[in-house]
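Chain by chain, the residues:
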Amino acid sequence: MPMPSPRPAPALGAPCWVSLMARDLPSAQKFYGAVLGWRFRQASLGEEFSVALMDGEPVAGIGALAPSFQVPVAWMAYFAVADADDTAARIRERGATVAVGPLKLGPGRAALAADPDGATFGFWEGRTASWSVGAGSAPAILELRTRDAFAAAIFYAGIFDWASERPGGCEVTYEHDQVIVHDGTHVVAALRGGGVEAAPDPRVRPQWHVHFRVRDIAAVTEAAVDAGGTVTPVTATQDGKGSQALVRDPDGGLFTVTAPGPPS
């Protein structure tokens, strides 16, 4: 769970980092460097963790899975919380699972959990990088594909205090049968229905998806295929103003790339 260097924390309940747990760190760095143009530096957590950089700014973390961990390669979204123990208790009270932690990790404490539909996520207590979804080099947005967006919104609002009107927290709006999460300045997450828990295709199972911004979606998707990944056809984004494609890296990690302008 590579985290960035200590800086002031983002809004409570907002995404504060994304990280990929990969099978092999050098192979993952080679793929994401070729596809997204990232450069890497070693994280403070050790040689099995690195921080991805774009234009010198932190984008995401990549860490190597321990051989004994029988879990799929996946991108993980982390959310900022004031008290990791309190968040863990709220998760359990709502019938969901805390899989790991909370554990002391670098400058803070982290834990991994799964929501009632099985979508995994992390939460972080402590200081983080100057990083916010939708700003700078950070991902454009996080998207939860779930069975029922409104039921999911009730769950996450209960554990992260969304829509509580507490100063410094996140607010939600309901637009076109989806839940939109704002951190006070811009949109940071969208919750959408249609996920199928037992689907054989991992692309439609409930999970958090990370959307990375790119300038040339055709070049990026071609590079992903050349590097051993697979790509879905390019489609319009939800608002119709951009283009997107779902990419699967050689180890099965799913992420979305988005670019301005409609599909060509």
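Above this text you will find the structure in question.
Summary of the structure given here. Keep in mind that what you see is a predicted model, and the values were worked out from it rather than measured.

Focus: the sheet that holds strand β4 (residues 57-64)
Okay, step 1: With mixed pairing, eight strands are arranged side by side in an open sheet as β2-β3-β4-β1-β5-β8-β7-β6. Strand pairing shows two members of the sheet lacking a second neighbour, β2 (39-42) and β6 (97-105), which therefore form its edges. Averaged over all pairs of adjacent strands, the angle between strand axes in this sheet comes to 30 degrees, irrespective of strand direction.
Okay, step 2: Note: strand β1 (residues 15-22) against strand β5 (residues 74-81), six bridges, orientation antiparallel. Its bridge partner being in β5, W17 is matched across the sheet by Y78.
Okay, step 3: Against the sheet, helix α2 (residues 84-93) engages β5, β6, β7 (108-114) and β8 (120-126), with an angle of about 175 degrees to β6.
Okay, step 4: Those strands touched by helix α3 (residues 149-160) are β5 and β8, and its axis lies near 20 degrees from that of β8.

A closer look at the nonpolar core
Okay, step 1: Formed by 81 residues in total, the largest nonpolar core has its most connected members in F121, Y156, L191 and W208.
Okay, step 2: When residues of this core are assigned to their parent elements, the largest contribution, eight residues, is made by α3.
Okay, step 3: If near-sequence neighbours (up to four positions away) are discounted, W208 is found in contact with W75, A77, F79, A119, T120, F121, L142, E143, L144, Y156, A189 and L191.

Some details on the environment of A88
Okay, step 1: Secondary-structure assignment places A88 in helix α2.
Okay, step 2: Once residues within four sequence positions are removed from consideration, A88 is found in contact with V98, P102 and F123.

Quick look at α3
Okay, step 1: With twelve residues, α3 extends 16 Å between its outermost C-alpha atoms, agreeing within 8% with the 16 Å of an ideal straight helix rising 1.5 Å per residue.
Okay, step 2: For α3, the tally of buried residues reaches nine of twelve residues, placing the bulk of the element in the interior.
Okay, step 3: Those residues of α3 lying buried are A149, A152, A153, F155, Y156, A157, G158, I159 and F160.
Okay, step 4: The backbone nitrogen of F150 has a side-chain oxygen 3.0 Å away, supplied by the residue at the start of α3, namely D148.
Okay, step 5: Trailing α3 by a residue or two, D161 shows a phi angle of about 60 degrees, which is positive.

Points about unusual backbone geometry
Okay, step 1: The peptide bond linking G101 to P102 adopts the cis configuration, its omega dihedral lying at 5 degrees.
Okay, step 2: Of note, P102 is situated in strand β6.
Okay, step 3: The backbone of D161 sits at a positive phi, close to 60 degrees, despite the residue not being glycine.
Okay, step 4: Along the chain, the position of D161 falls in the loop between α3 and β10 (171-175).
Okay, step 5: D161 gets classed as buried once you look at its relative accessible area, which sits at 19%.

Procedures and definitions
- Residues numbered from 1 in each chain as written.
- Predicted model: local features only at pLDDT ≥ 70, side-chain atom pairs only at ≥ 80, totals over all residues.
- Heavy atoms only, no water.
- Pairing = 2+ DSSP bridges.
- Helix = DSSP H or I, 4+ residues; strand = E, 2+ residues; numbered from the N terminus.
- Axes fitted to C-alpha atoms, helices over the stretch in contact; angles between N-to-C directions.
- Contact = heavy atoms within 4.5 Å.
- Core = buried A, V, L, I, M, F, W, Y, C linked by side-chain atoms within 4.5 Å.
- Buried < 20%, exposed > 50% of the residue type's maximum accessible area, 1.4 Å probe, protein only.
- Expected span 1.5 Å × (residues − 1).
- Polar contact = N/O pair within 3.5 Å; in protein donor to acceptor, adjacent residues only side chain to side chain.

Everything listed here is a matter of coordinates, which is why it stays silent on function.
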